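Chain by chain, the residues:
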Amino acid sequence: MDFTKKMLRDDALAGKTIVVTGGGSGLGKSMTKYFLELGANVAISSRNLEKLQNTASELENETGGKCLPVQCDVRNYDEVEQMLNLVLDEFGEVDVLLNNAAGNFISPTERLSANAFDTIIDIVLKGSKNCTLAFGKHWIDKKTINTSILNIVTTYAWTGSAYVVPSATAKAGVLAMTRSLAVEWAKYGIRCNAIAPGPFPTKGAWDRLLPGDLKDKFDLAKKVPLKRVGDHQELANLAAYLVSDFSAYLNGEVITIDGGEWLKGAGQFNLLEAIPEELWDQLEAMIKAKKRG
Ligand code: COA
């Protein structure tokens, strides 16, 4: 099966302008590329302008679309407002905000400084809040309808996870914001949805979250019932659908795309998967014997 197949028809996002925070690399870049292929104008933002410029010209050459690099640290509300104004100057209007920018590192929580904890909360929760508030205020003020916000969260936004506590805390907040505003801002024609991706390898996150030989020790594909990691195009397909008009009735939803990974960790008896087929005959006989006795 080819997981790199593109899902939507070529003009599915024609006429839309999309802002992707953290769009210079990783999954943000992959989603940006597909949006451009589908006819959208895309602005990508991050702190590193040079990286953004390189990505924008690479993707413009590959897709023939229009990609605007905008330097912006989402932690600062003023910079977010400036980003919005630059996008409006360039494209006239904006239709979609994709809150993708994130920061994360693995650490026992007691080893973190207060500033380390804040850094992640500020990028993930405050950054998503800053962008959401600035774009939402603009759309409501200008009475722009048929707009949407797509937030990238994670499956541990609802389960929590040890060793990435600032990220888990912040992503839980982003999920709550998604569901709250889906209701509150629906009357303004703003939809809010989220994607919770499982393992989709990117160089940045992988080197950060599984440094050194941890990558070999914890083969994440093994934790997934489907026994593989995700392909970037599979995530891009879902994101494109969620920001397109085809999903106009989808609001307040978080869609998990993880091959069943988080449920495998959750189900009490899922560990019985380790039992080989031949042992089940013995186990069944033992259980039935117990019942008879
Ligand atoms: N373990 C513990 N503390 C850490 C840490 C680690 N691995 N990495 C950074 N910190 C601490 C720093 O020591 C500092 O705290 P201090 O001032 O008390 O010493 C604080 O976190 C801020 O670090 P700094 O490097 O100044 O922050 P930054 O704003 O430049 O960048 C990140 C922090 C996480 C955003 C940065 O690592 C980054 O750019 N990551 C790329 C994006 C990313 O993480 N993507 C993954 C998505 S899953």
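Summarised in this report is the structure supplied together with it. (Residues numbered from 1 in each chain as written. Predicted model: local features only at pLDDT ≥ 70, side-chain atom pairs only at ≥ 80, totals over all residues. Heavy atoms only, no water.)

Once that is clear, we can look at the overall build of the chain. A tally of helices and strands in the chain yields 11 helices and seven strands. In terms of overall dimensions, the chain is globule-like: its C-alpha atoms have a radius of gyration of 21 Å, near the 19 Å expected for 293 residues. Counting only C-alpha atoms, the chain reaches 80 × 45 × 40 Å along its principal axes. In the chain, the 33 positive side-chain charges and the 36 negative ones have mean positions that sit 5 Å from each other. (Helix = DSSP H or I, 4+ residues; strand = E, 2+ residues; numbered from the N terminus. Rg over C-alpha atoms; globule rule 2.2 N^0.38 Å. Lys, Arg positive; Asp, Glu negative; His and termini not counted. Charge placed at Lys NZ, Arg CZ, Asp CG, Glu CD.)

Of the two faces of strand E4 (residues 96-99), the one holding Val96 and Leu98 and the one holding Leu97 and Asn99 are both buried throughout. In this sheet, E4 lies alongside strand E1 (residues 17-21) in parallel orientation, the contact comprising three bridges. Within E4, the residue paired with valine 20 across the bridge is leucine 98. Summarising the sheet, E4 and strand E5 (residues 147-152) pair through four bridges and their orientation is parallel. Opposite leucine 97, over in E5, you have isoleucine 149 as the bridge partner. Following the backbone out of E4, through helix H4 (residues 114-142) and into the adjacent parallel E5, one traces a crossover that is right-handed. (Buried < 20%, exposed > 50% of the residue type's maximum accessible area, 1.4 Å probe, protein only. Pairing = 2+ DSSP bridges. Right-handed = clockwise from strand over helix to strand, strands pointing away.)

Moving on: the pattern of salt bridges. Counted under the stated rule, the structure contains 15 salt bridges. Between lysine 29 and glutamate 58 there is a salt bridge, with its nearest N and O atoms 3.1 Å apart. Linking lysine 29 in helix H1 (residues 26-37) with glutamate 58 in helix H2 (residues 49-63), this pair joins segments that are 29 residues apart in sequence. For glutamate 58, a relative accessible area of 33% gives the class partly exposed. In this structure, the salt-bridge partner of glutamate 62 is lysine 33, at a minimum N-O distance of 3.3 Å. (Salt bridge = Lys/Arg side-chain N within 4 Å of Asp/Glu carboxyl O.)

Looking now at the packing of H4 against helix H6 (residues 165-184). Two elements in contact, H4 and H6, have axes whose closest approach is 8 Å; the angle formed by their N-to-C orientations is 15°. Between H4 and H6, the interaxial angle falls into the category roughly parallel. Where H4 crosses over H6, the two elements pack in a sense that is right-handed. For the pair formed by H4 and H6, the contact residues are Phe117, Ile120, Ile121, Val124, Leu125, Ser128, Lys129 and Thr132 on the first element and Val165, Pro166, Ser167, Thr169, Ala170, Lys171, Gly173, Val174, Met177 and Leu181 on the second. (Axes fitted to C-alpha atoms, helices over the stretch in contact; angles between N-to-C directions. Parallel < 35°, antiparallel > 145°, perpendicular 65-115°, else oblique. Left-handed = near helix turned anticlockwise from the far one by under 90°. Contact = heavy atoms within 4.5 Å.)

Next up on the list: the site of the ligand. Around the ligand, the surrounding shell holds 15 residues, and the nearest of these are Arg47, Arg75, Ser113, Asn115 and Arg208. The separation between an oxygen atom of the ligand and a polar main-chain atom of asparagine 104 is 3.1 Å. Within the complex, the protein chains bury 55% of what would otherwise be the 950 Å² of accessible surface of the ligand. The set of elements that each furnish at least two residues to the shell around the ligand consists of H4 and helix H7 (203-209). The element contributing the most residues to the shell around the ligand is H4, with five residues. Its residues placed into classes, the shell around the ligand shows seven nonpolar, five polar and three charged. (Near = heavy atom within 4 Å. Polar contact = N/O pair within 3.5 Å; in protein donor to acceptor, adjacent residues only side chain to side chain. Areas by Shrake-Rupley, 256 points an atom, 1.4 Å probe, with all protein chains shown as cover. Nonpolar A, V, L, I, M, F, W, Y, C, P; charged D, E, K, R; others polar.)

Within the largest apolar cluster, 32 residues are counted, with the highest numbers of intra-cluster contacts made by Leu13, Ile18, Met31, Phe35 and Ile195. Those elements that provide at least two residues to this core are E1, H1, strand E2 (41-46), H2, E4, E5 and helix H9 (232-243). It is H9 that contributes the most residues to this core, seven residues altogether. Contact partners of isoleucine 195, with chain neighbours within four places excluded, come to Leu150, Asn151, Ile152, Val153, Thr154, Leu235, Leu238, Ala239, Leu242, Val254, Ile255 and Ile257. Ala43, Cys72, Trp139 and Leu181 belong to the second-largest nonpolar core, a separate cluster that totals 26 residues. (Core = buried A, V, L, I, M, F, W, Y, C linked by side-chain atoms within 4.5 Å.)

A word on unusual backbone geometry. Unlike most non-glycine residues, asparagine 146 shows phi in positive territory, near 60°. You can see asparagine 146 is positioned in the loop between H4 and E5. On the accessibility criterion, asparagine 146 (40% relative accessible area) is partly exposed. Even without being a glycine, tyrosine 163 presents a positive backbone phi close to 70°. The topology assignment puts tyrosine 163 in the loop between helix H5 (156-159) and H6. Given a relative accessible area of 52%, tyrosine 163 falls into the exposed group.

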